[in-house]
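# A closer look at the structure
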Amino acid sequence: MNINATLIGQTLAFIIFVWFCMKFVWPPLMSAIEERQKRIADGLANADRAAKDLELAREKASDQLKDAKATANEIIESANKRKAQIIDEAKAEADAERAKIIAQGQAEIEAERNRVKEELRQQVSALALAGAEKILERSIDEAAQSDIIAKLVAEI
Amino acid sequence: MSATGEALTPQEYIQHHLTFWASGSEPSGFWTWHIDSLLFSVGLGVLFLWLFRSVGKKATTGVPGKLQCFVEMLVEFVDSSVKETFHGRNKLIAPLALTIFVWVFMMNFMDMVPVDWLPSLAQLVAGDHNQKFRVVPTADLNVTFSLALGVFILIIYYSIKVKGLSGFVKELTLQPFNVKAMIPVNFVLEFVTLIAKPISLALRLFGNLYAGELIFILIALMYGANLAIGTLGVGLQLGWLIFHILVITLQAFIFMMLTIVYLSMAHEDH
C-alpha cells in the first residue's frame, strides 16, 4: 500500500500516453468522423434537393402537357377554319370558272350564229338575186335594178 | 487454490496475492518500483494507443469496418461527454478523457481475469513459487494516484492559465466569504476542496478495484475448502464477475467524467 517510485514512472507514462493520444490518435479519428458526418449531411441535403427538383419537374411536365393540349386544340381549330376557307375559295373559283366557260360558249355560239346568219343572208340574197334574175331575165337591166335588190338584201 | 504446490494458509494466500512484484532489495523504501503494475499499465496503454492509432491511420470516411465503428463509437461518446460538460475550446481535454476512459477501463478489466491465472503463469515463467505478481494496475494506489496527479497538475495549470496567478489565488482566498478577515478560513476551505479532487479521484478508483480484487481472492479461497463450498464459489464468482463488469465500466466513466468536470471548473472564471 505504500507510495513509491511507481508513482513517478506511472505519471510519466500517463503524460506520454495523453500526449500521444492527442497528437496521433485523436486527430485522424475525429477528422474521419467529421468528414463522414459532412458527407452524410451533404447526401441528405442532396436527397432533399432531388425530391424538390422532382416535384418541380412534375409540375413543369404537367404544365407543359396542358400547354401542349391547348396548342393542339388551337392547331386543330385553325386547320378546320383553313379547311372551310379553302373549300369556300375553291367553290368560288369553280363558280367563276363555270361562269366564264358558259359565257365563252355563249359568245362562241353567238358568233357562230351571226356568221351562219350572215352566210345565210348572203346565200338568200344570192338566191333572191338569182331568182329575180331568172324572172326579169329578159326585161330588166341588172344595173338599173341593183338598188332595189340591195334594199331587199338589207331587209332580209 | 494456488500453484505453489505447497499448502498455504488462507492468510498467506491473501497476503501473497496482495503483494506487488517490487524491485530493489528494500521493498519499503521510496525508490522501489512495482514492476507488475508498470508492466500491465504501460502494456495496456501501449495496446490501447496502438489499436486506436492503427484504426485512425486506416480510418475511411466511407463505410467503416466493425473495428473502426467501435473505436469511433468510443471517440464519439467521449467527445459528446466532453462537449456537454466543457464549453471552452481546448484540444487537450477530449484526448485526455479518451485516454483516461479506455486506459482505466482496460486496467480495470484485468480484474476479470481469474485471480490465479496470470500469477501462476508468472511463477511458472520465473520458476519461483514465491514470485509475486499483481495484474490489476488500478488496484495499486501508485497507479491511481499518478493518474489523479496528472489531472491535478492540469487543474492547477489551467486555473493559472485562464484566471492568472492572482485570479487563482483570489479564488483560493476570497471564497466563500469575501471579507479580508476571513482569508485564512477561506484558504483552508478552498485548499481542502482543491486537494480533495485528486485524492477522491485516486481513492475512489483504488478502493473499488482493490475491494473487487479482494472479493475475487476470497471467492478463490472457497475452492480449496470442500466440494459444496467450492460449488457455491463458482456461482459467487460468476455473480461477482457480472456485477463487476458494471463496476469497472462505471469507475472508468466516473474517472473520465470527473476529470472533465474538474478541468471545466478550472476554466471557469468567477
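From a predicted model like this one, the values you see are computed outputs, not experimental measurements.

## Regarding the overall build of chain A
- Helix and strand counts for chain A stand at two helices and zero strands.
- A compact globule built from 156 residues should have a C-alpha radius of gyration of about 15 Å, whereas chain A, at 61 Å, is more than 25% larger.
- Along the first, second and third principal axes, the C-alpha atoms of chain A reach 195 × 25 × 15 Å.
- Buried positions account for 13% of the 156 residues belonging to chain A.
- Carbon and sulfur atoms form 61% of the exposed surface of chain A, whose accessible area is close to 12100 Å².
- Positive and negative charge centroids in chain A, built from 23 and 27 side chains respectively, lie 12 Å apart.

## Comments concerning the overall build of chain B
- Along its length, chain B carries eight helices and zero strands.
- Counting from the amino terminus, helix and strand elements in chain B follow one another as α-α-α-α-α-α-α-α.
- Counting only C-alpha atoms, chain B reaches 65 × 60 × 35 Å along its principal axes.
- Counting across all 270 residues of chain B, residues that qualify as buried make up 47%.
- Partitioning the intrachain contacts of chain B with sequence separation of at least 6 by distance along the chain shows that 73% fall at a separation of at least 24.

## Some words on the pattern of salt bridges
Residues and elements named next belong to chain A.
- All told, the structure shown has eight salt bridges over all chains when counted by the stated rule.
- Residue Arg113 pairs with Glu110 through a salt bridge whose shortest N-O separation is 3.3 Å. Taken as a pair, Arg113 and Glu110 lie in helix α1 (residues 6-135) at a separation of three residues, close to a single helical turn.
- Here the residues in one salt-bridge network are Glu112, Arg115 and Glu119, joined through shared partners.

## Things to note about the layout of surface pockets
- Of the volumes computed, that of the largest pocket is approximately 520 Å³.
- For the lining of the largest pocket, the secondary structure elements donating two or more residues are α1 of chain A together with α3 (66-85) and α4 (93-109) of chain B.
- Among the elements that take part in the lining of the largest pocket, α1(A) stands out by supplying seven residues, more than any other.
- Across the lining of the largest pocket, the residue classes tally to nine nonpolar, three polar and six charged.

## What to know about the packing of helix α1 (residues 10-17) of chain B against helix α7 (residues 183-222) of chain B
Residue and element names in this part refer to chain B.
- At a minimum axis separation of 11 Å, α1 and α7 run at an interaxial angle of 145°. Viewed along their axes, α1 and α7 form a crossing whose handedness is right-handed. For the pair α1 and α7, contact is made by Pro10, Tyr13, Ile14 and His17 and by Leu214, Ile217, Leu218, Ala220 and Leu221, respectively.
- Here the residues of the contact of α1 with α7 sort into eight nonpolar, one polar and no charged.

## Concerning the interface of chain A and chain B
- Taken together, the contact pairs 30 residues of chain A with 54 residues of chain B.
- With both sides pooled, the region where chain A packs onto chain B buries about 3700 Å², and carbon together with sulfur makes up 74% of that total.
- It is Phe14(A), Phe17(A) and Trp26(A) that lose the most area in chain A upon contact with chain B, and together they represent 19% of the buried surface on that side.
- Joining chain A to chain B, the criterion identifies one salt bridge.
- For the pair chain A and chain B, the number of links is 12 residue pairs in polar contact (both at pLDDT 80 or more).
- The residue inventory of the side of chain A that touches chain B, partitioned by class, reads 20 nonpolar, seven polar and three charged.

## Section: empty space enclosed by the protein
Residue and element names in this part refer to chain B.
- A full pass over the atoms with the stated rule returns two cavities of 30 Å³ or more.
- Volume-wise, the largest cavity comes out at about 80 Å³.
- Forming the walls of the largest cavity are His17, Met110, Asp111, Val113, Val115, Pro119, Phe133, Arg134, Val135, Val136, Glu213 and Ile217.
- Of the residues that constitute the lining of the largest cavity, the class distribution is eight nonpolar, one polar and three charged.

## Quick look at the UniProt feature "transmembrane region" (unreviewed entry) in chain B
Residue and element names in this part refer to chain B.
- Per the UniProt record, "transmembrane region" (unreviewed entry) is annotated on residues 30-52, 92-110, 141-160, 181-203, 209-229 and 241-265.
- Across residues 30-52 one finds 78% helix and 0% strand; the C-alpha atoms that close the span lie 35 Å apart.
- Here residues 209-229 runs as 81% helix and 0% strand, with 25 Å between its end C-alpha atoms.

## What to know about the UniProt feature "transmembrane region" (unreviewed entry) in chain A
- UniProt tags residues 6-26 of chain A as "transmembrane region" (unreviewed entry).
- With 100% helix and 0% strand, the stretch residues 6-26 of chain A has end C-alpha atoms that lie 27 Å from each other.

## With respect to the packing of aromatic side chains
- Tallying each qualifying case throughout the model produces 16 aromatic pairs over all chains.
- On the basis of an interplanar angle of 45° and a centroid distance of 5.0 Å, the ring pair of Phe20(A) and Phe24(A) is categorised as tilted. Taken together, the residues Phe20(A) and Phe24(A), both in helix α1 and four residues apart, mark about one turn of the helix.
- In this structure Phe24(A) comes out as partly exposed when scored by relative accessible area, which is 30%.
- Relative to Tyr210(B), the ring of Phe206(B) lies with its centre 5.2 Å away and its plane at 25°, an arrangement referred to as stacked.

The rules behind these values
- The numbers attached to residues start from 1 for each chain and follow its sequence in the written order.
- By the order in which they are written, chains take letters starting at A while ligands take numbers starting at 1.
- Given that this is a predicted model, residues contribute local features only at a pLDDT of at least 70 and side-chain atom pairs are listed and counted only at 80 or more, while totals for whole chains, interfaces and linings are drawn from all residues.
- With hydrogens and water excluded, all non-hydrogen atoms of the structure serve as input to the side-chain values.
- Only runs of H or I of at least four residues qualify as helices and only runs of E of at least two qualify as strands under DSSP, and these elements are numbered from the N terminus.
- Here the globule rule reads 2.2 Å times residues to the power 0.38, and the radius of gyration is calculated from C-alpha atoms.
- The rule is simple: take the accessible area with a 1.4 Å probe, protein chains only, and divide by the maximum for that residue type; under 20% is buried, over 50% is exposed, in between is partly exposed.
- Per-residue and other accessible areas were derived by the Shrake-Rupley procedure at a 1.4 Å probe size, with only the shown protein chains allowed to occlude residues.
- In this tally, Asp and Glu contribute negative charge and Lys and Arg positive charge; neither His nor the terminal groups of the chain are included.
- One atom stands in for each charge, and that atom is NZ of Lys, CZ of Arg, CG of Asp or CD of Glu.
- Any pair of residues with heavy atoms lying within 4.5 Å of one another is described as a contacting pair.
- When a carboxyl oxygen of Asp or Glu lies within 4 Å of a side-chain nitrogen of Lys or Arg, that pair is called a salt bridge.
- With a 1 Å grid spanning the protein atoms alone, the term cavity applies to any set of points in which a 1.4 Å probe fits but cannot get out, the term pocket to an open set with protein on both sides within 12 Å along at least five of seven lines, and the term lining residue to any residue with an atom within 4 Å of a point.
- Grid points are joined across faces, edges and corners, and a volume is the space filled by probe spheres set on the points.
- Nonpolar residues are Ala, Val, Leu, Ile, Met, Phe, Trp, Tyr, Cys and Pro. Charged residues are Asp, Glu, Lys and Arg, and all others, Gly as well, are polar.
- Every angle, taken between N-to-C directions, lies between 0 and 180 degrees, and every axis is a line fitted to C-alpha atoms, over only the stretch in contact when it is a helix.
- Should the near helix be turned anticlockwise from the far one by less than a right angle, the crossing is termed left-handed; should it be turned clockwise, right-handed.
- The quantity reported as buried area is the accessible area (1.4 Å probe) lost by two parts once they are put together, taken as the sum for both.
- Whenever a nitrogen or oxygen atom comes within 3.5 Å of another N or O atom, the pair is scored as a polar contact, on the condition that within protein one atom can donate a hydrogen and the other can accept it, and that pairs from neighbouring residues in sequence are kept only if both atoms are in side chains.
- UniProt positions are given in the numbering used here, feature names are shortened, and annotations may be inferred rather than shown by experiment.
- Working definition: rings of Phe, Tyr and Trp (its six-membered ring) pair if their centres are within 6.5 Å, and the pair is stacked with planes under 30 degrees apart, edge-to-face with planes over 60 apart, and tilted otherwise.

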